[in-house]
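Examination of the molecular architecture
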Amino acid sequence: MSDHQDKIYATAHQQVGRFSFDETVVRVFPDMIRRSVPGYPTIIDMIGVLAARYAQPDTCLYDLGCSLGAATTAMTALTQEQGNRVVAVDNSPAMIRQADTLLAHAGLSERVTLVEGDVADMDFDSCSMAVLNFTLQFIAPERRDAFIKRLAAATVPGGILVLSEKIRFEDDAENTLQTELHHAFKRNNGYSDLEISQKRTALENVLIPETLAAHEARLRKAGYRHIHVWFRCFNFMSLLAVR
């Protein structure tokens, strides 16, 4: 998988369609995410570290919007002694199929339950950790409050949510600067201006970012007691919310 380079938007498209996590994206996803999201490998590694600290006995761990299971793998690897059940969910059949293959190759299938479905519609078992790693931004804004509230209600005291998101800034100048810096990051990773422009068009009204203040307000309203910004690079951020 990692040998396939993301060239989806390298040639001019007569009409740029809406971005979706289909077979084409799945094939190049490891390369795409590494070259598009600043700090992604660090976020994945630290999700494992957080799991080792916060996973509680007799609770499950959720990877919601699991894609190919990177966060799932990190959580599972560092909670071996606890033996928590890990539930990985994604609404893309192509992602679930490939994640199943990768988890099997890693010998993790026995501890991981893969579910194809919409995370915003599902019911949750008692959990001590949930990960939304660049997932909430793809859920319709009007559905986000109820979803986070249900997830918080299923989280045991002392349990956590790791929420990683692309964010926007209330100040227009700040938003412009951080967007330009992100584009510079992508150029440095080999993407052309054409690729950046076409990908941005494809994601319009598909990926809908919010401000940090909006995320914090939603989390507090849902019942998370402490909220920490533990990672930020340009317009990408990850929050640690403690129930």
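Structure report, in brief.

1. Focus: the sheet that holds strand 4 (residues 127–133)
Read across the sheet, 7 strands follow the order 3-2-1-4-5-7-6 without closing on themselves; strand pairing throughout is mixed. Across the chains shown, the open sheet's two edge strands, defined by having one partner strand only, are strand 3 (112–116) and strand 6 (226–233). Strand after strand, the sheet turns through a mean of 15 degrees between neighbouring axes, direction not considered. Where strand 5 (residues 155–166) and strand 7 (residues 236–242) come together, 7 bridges link them in antiparallel fashion.

2. Overview of the packing of helix 1 (residues 23–36) against helix 6 (residues 172–188)
Their axes nearest at 8 Å, the elements helix 1 and helix 6 cross at an angle of 130 degrees. On the basis of their axis angle, the class for helix 1 and helix 6 is oblique. Facing Arg34, Arg35 and Ser36 of helix 1, the residues of helix 6 in contact are His182, Phe185 and Lys186.

3. Observations regarding the packing of helix 6 against helix 7 (residues 193–203)
Running from N to C, helix 6 and helix 7 cross one another at 125 degrees; their axes reach a closest spacing of 10 Å. On the basis of their axis angle, the class for helix 6 and helix 7 is oblique. The crossing of helix 6 and helix 7 is right-handed. Packed against helix 6, whose contacting residues are Thr179, His183, Lys186 and Arg187, the element helix 7 presents Asp193, Ile196, Lys199 and Arg200 at the interface. Of the residues contributing to the contact of helix 6 with helix 7, the split by class is 1 nonpolar, 2 polar and 5 charged.

4. A closer look at a nonpolar patch on the surface
On the surface, Met46, Val49 and Leu78 cluster together into a nonpolar patch covering about 240 Å² of accessible area. Within the secondary structure layout, Met46 lies in helix 2 (residues 40–54). We classify Met46 as partly exposed; its relative accessible area is 31%.

5. Points about unusual backbone geometry
The backbone phi angle of Asp58 is positive, close to 60 degrees, even though this residue is not glycine. Here Asp58 is to be found in the loop between helix 2 and strand 1 (60–64). In this structure, Ser67 is a non-glycine residue whose phi angle is positive, near 50 degrees. Among the secondary structure elements, Ser67 is positioned in the loop between strand 1 and helix 3 (70–77).

6. Quick word on empty space enclosed by the protein
For the structure shown, the criterion picks out 1 cavity of 30 Å³ or more. Of the voids in this model, the largest cavity is the one considered here, and its volume is about 60 Å³. Along its surface, the largest cavity is lined by Asp6, Lys7, Ile8, Tyr9, Lys186, Tyr191, Glu195, Ile196 and Lys199. Among the elements that line the lining of the largest cavity, the one with the most residues is helix 7, at 3 residues. Of the residues in the lining of the largest cavity, the class split is 4 nonpolar, no polar and 5 charged.

7. Describing the packing of aromatic side chains
On inspection of all chains with the given rule, the structure shows 8 aromatic pairs. Ring plane angle 80 degrees and centroid distance 5.3 Å describe the contact between Tyr62 and Phe124, whose orientation is recorded as edge-to-face. With Tyr62 in strand 1 and Phe124 in the loop between strand 3 and strand 4, the pair connects residues that are 62 residues apart, well separated along the chain. Each member of the pair, Tyr62 as well as Phe124, is classed as buried. With 6.0 Å between their ring centres and 55 degrees between their planes, Trp230 and Phe231 make a pair best called tilted. Aromatic ring contacts, followed pair by pair, group Phe19, Phe21, Phe29 and Phe138 into a single cluster. The ring of Tyr191 carries Lys186 above its face, with NZ or CZ at 5.4 Å from the centroid.

Criteria and thresholds
Residues numbered from 1 in each chain as written. Predicted model: local features only at pLDDT ≥ 70, side-chain atom pairs only at ≥ 80, totals over all residues. Heavy atoms only, no water. Pairing = 2+ DSSP bridges. Helix = DSSP H or I, 4+ residues; strand = E, 2+ residues; numbered from the N terminus. Axes fitted to C-alpha atoms, helices over the stretch in contact; angles between N-to-C directions. Parallel < 35°, antiparallel > 145°, perpendicular 65-115°, else oblique. Contact = heavy atoms within 4.5 Å. Left-handed = near helix turned anticlockwise from the far one by under 90°. Nonpolar A, V, L, I, M, F, W, Y, C, P; charged D, E, K, R; others polar. Patch = residues over 30% accessible without salt bridge, like charges linked within 9 Å, V, L, I, M, F, W, Y side chains within 5 Å. Areas by Shrake-Rupley, 256 points an atom, 1.4 Å probe, with all protein chains shown as cover. Salt bridge = Lys/Arg side-chain N within 4 Å of Asp/Glu carboxyl O. Buried < 20%, exposed > 50% of the residue type's maximum accessible area, 1.4 Å probe, protein only. 1 Å grid on protein atoms, 1.4 Å probe; cavity = no way out; pocket = protein on both sides within 12 Å on 5 of 7 lines; lining within 4 Å. Points joined across faces, edges and corners; volume = space filled by probe spheres on them. Phe/Tyr/Trp six-rings, centres within 6.5 Å; stacked < 30°, edge-to-face > 60°. Lys NZ or Arg CZ within 6 Å of the ring centre and 35° of its normal.

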